Amino acid sequence: MAVSRRQFNSLLYYAAAASGFGGLVPTARAADPYPVRPVNVVISFAAGGMTDTVGRLVANELTKDLKQTFVVENRPGAAGQLGTEYVARKPADGYNLLVSATGHVIGPAVQKVAYDPVSDFVPIAILARAPNLLLVHKSVPATNLQEFLVWAKAQKDVPYGTAGAGGSTHLAGELFRTLSGVPMVHVPYKGAAPAVNDLIAGHIKVAIQDSMSATAAIAGGEVRPLASATKEHSAQFPNLPTLDESGFPGFDLYTWLGFYAPKGTPSEIVAVLNKEANEAIHTPATVELLRSLNCEPGPVLDPAGAAKFVAQEVKKWRDVVKTSGVKVE
């Protein structure tokens, strides 16, 4: 089910309406049930992209279900590293949480960061996942991957936009550059939304973005998806070829979103958030909404399962970094 740009923008406006809270808050007592005051949820990307949209949906549901305000705060930059480092330094009291994308586990492999994705955070839940897509502006004379390769290799260079340096879309682009020989030149943005906006405007001709962030642009016809960077066909784009089947075997890089708390956050609080977040993301209405936006809910995992998933992803992306040779200054 595709949505128009107007519908997509309306969703974002609705989701953003829950943000903003001021005033004094009561001091928590040991016997009080969690939460007794507003909870700050840092989203490590700019407004408008997949991380922001899903993060706000979950924050809105938690606000309703736990009868306390979950305040969204966008702290974009460095493929999510700025917001992540900010939360890592916050008290582990359940009132400072993080929603971040795949760059959370990639960061330490490509640059110097002030956190460790395993030892400095407790994974609460895996919220959503979406395929990364190779996208081109409608002016590019290519309607499929093979035509793109011919066109791209004839260029002096091919700038491509992503949600930021060190994220899954950046790594997908650099691995594609390494394997294809296309003279790709990375153009990082502070989130998927500004990158997609520049692609729509034609300021860049190529982008690699998660499918959710590109929903409105694809529906509006401004950009064309040429291939999915995943091994399996996307349920949302069943006829779109994958890079794996198009001459790049084993290519399987997608964007996923994690929900985290600083290490040391009480296990009983993590358990509450895990239960509520899993329920929020898997309500029939939310699942239908996510799928209409070219995204899938994440797996239902308890905190131990979420931690295992994150540890596996750290290893997977470390191997991708080694193959592609990516480094971020």
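Figured I'd write up the structure that's included with this text. Since we're looking at a predicted model, the values are computed, not measured.

Along the protein chain, the regular secondary structure elements total eleven helices and ten strands. For the protein chain, the C-alpha radius of gyration of 19 Å lies close to 20 Å, the compact-globule estimate for 329 residues. Along the first, second and third principal axes, the C-alpha set of the protein chain runs to 65 × 40 × 30 Å. Taken across its 329 residues, the protein chain has 58% of its residues classed as buried. Excluding contacts between residues fewer than 6 apart, the proportion of contacts in the protein chain whose partners are at least 24 apart in sequence is 78%. When the accessible surface of the protein chain is split by element, carbon and sulfur atoms take 55% of a total near 13,600 Å². In the protein chain, 29 side chains carry a positive charge and 28 a negative one; their mean positions are 4 Å apart.

Ranked by internal contacts, the top residues of the largest apolar core, which has 50 residues, are Phe-148, Phe-176, Phe-251 and Trp-256. Excluding its chain neighbours within four sequence positions, the residues that come into contact with Phe-251 are Ala-172, Leu-175, Phe-176, Leu-179, Ala-229, Thr-230, Lys-231, Leu-243 and Asp-244. Core analysis: the second largest hydrophobic core is formed by 39 residues, Tyr-34, Val-36, Leu-57 and Ala-101 among them.

On to the environment of Pro-249. With respect to the element layout, Pro-249 can be found in the loop between strand S8 (223-228) and strand S9 (254-262). Separated by 18 residues in sequence, Pro-249 and Lys-231 place their C-alpha atoms 8.1 Å apart.

Where side chains of opposite charge bring their charged atoms close, a pairing between them can arise. For the structure on display, the rule yields ten salt bridges. With a closest N to O distance of 2.9 Å, Asp-52 and Arg-56 form a salt bridge. On the criterion of helical spacing, the pair formed by Asp-52 and Arg-56 is a turn pair, its members being four residues apart in helix H2 (residues 50-66). One salt bridge connects Glu-73 with Arg-75, and the closest N-O pair in it is separated by 2.7 Å. Three or more residues joined by partner-sharing salt bridges are found here, namely Lys-275, Glu-276 and Glu-279.

The next thing to look at is the environment of Gly-94. Position of Gly-94 among the secondary structure elements: in the loop between helix H3 (81-88) and strand S3 (96-100). Residue Gly-94 is classed as buried on the basis of its relative accessible area, which comes to 0%. For the pair Gly-94 and Asp-244, spaced 150 residues apart in sequence, the C-alpha separation works out to 41 Å. Discounting residues that sit within four places of it in the chain, Gly-94 has contacts with Tyr-34, Val-39, Thr-265 and Ile-269.

In this section: helix H9 (residues 267-281). Between its terminal C-alpha atoms H9 stretches 21 Å, which fits the 21 Å expected from 15 residues at 1.5 Å a residue. Every buried residue of H9 is accounted for by Ile-269, Val-270, Leu-273, Asn-274, Glu-276, Ala-277, Asn-278, Ala-280 and Ile-281.

Quick look at the pairing of strand S7 (residues 206-210) now. Within a regular strand, the side chains alternate between the two sheet faces. With respect to burial, S7 is a largely interior element, five of its five residues being buried. The alternating pattern of S7 places Val-206, Ile-208 and Asp-210 and Ala-207 and Gln-209 on opposite faces, both of which are buried. With five bridges connecting them, strand S4 (residues 121-137) and S7 associate as antiparallel partners. From the neighbouring strand, Leu-134 faces S7, where its bridge partner is Ile-208.

A few words on the side chain of Asp-244. Assignment of secondary structure puts Asp-244 in the loop between S8 and S9. No salt bridge is formed by the buried Asp-244, whose closest oppositely charged neighbour, Lys-231, lies at an N-O distance of 5.1 Å. Setting aside anything within four residues of it in sequence, one finds Asp-244 in contact with Thr-230, Lys-231, Pro-249, Gly-250 and Phe-251.

Rules used throughout
- Residues numbered from 1 in each chain as written.
- Predicted model: local features only at pLDDT ≥ 70, side-chain atom pairs only at ≥ 80, totals over all residues.
- Heavy atoms only, no water.
- Helix = DSSP H or I, 4+ residues; strand = E, 2+ residues; numbered from the N terminus.
- Rg over C-alpha atoms; globule rule 2.2 N^0.38 Å.
- Buried < 20%, exposed > 50% of the residue type's maximum accessible area, 1.4 Å probe, protein only.
- Contact = heavy atoms within 4.5 Å.
- Areas by Shrake-Rupley, 256 points an atom, 1.4 Å probe, with all protein chains shown as cover.
- Lys, Arg positive; Asp, Glu negative; His and termini not counted.
- Charge placed at Lys NZ, Arg CZ, Asp CG, Glu CD.
- Core = buried A, V, L, I, M, F, W, Y, C linked by side-chain atoms within 4.5 Å.
- Salt bridge = Lys/Arg side-chain N within 4 Å of Asp/Glu carboxyl O.
- Expected span 1.5 Å × (residues − 1).
- Pairing = 2+ DSSP bridges.

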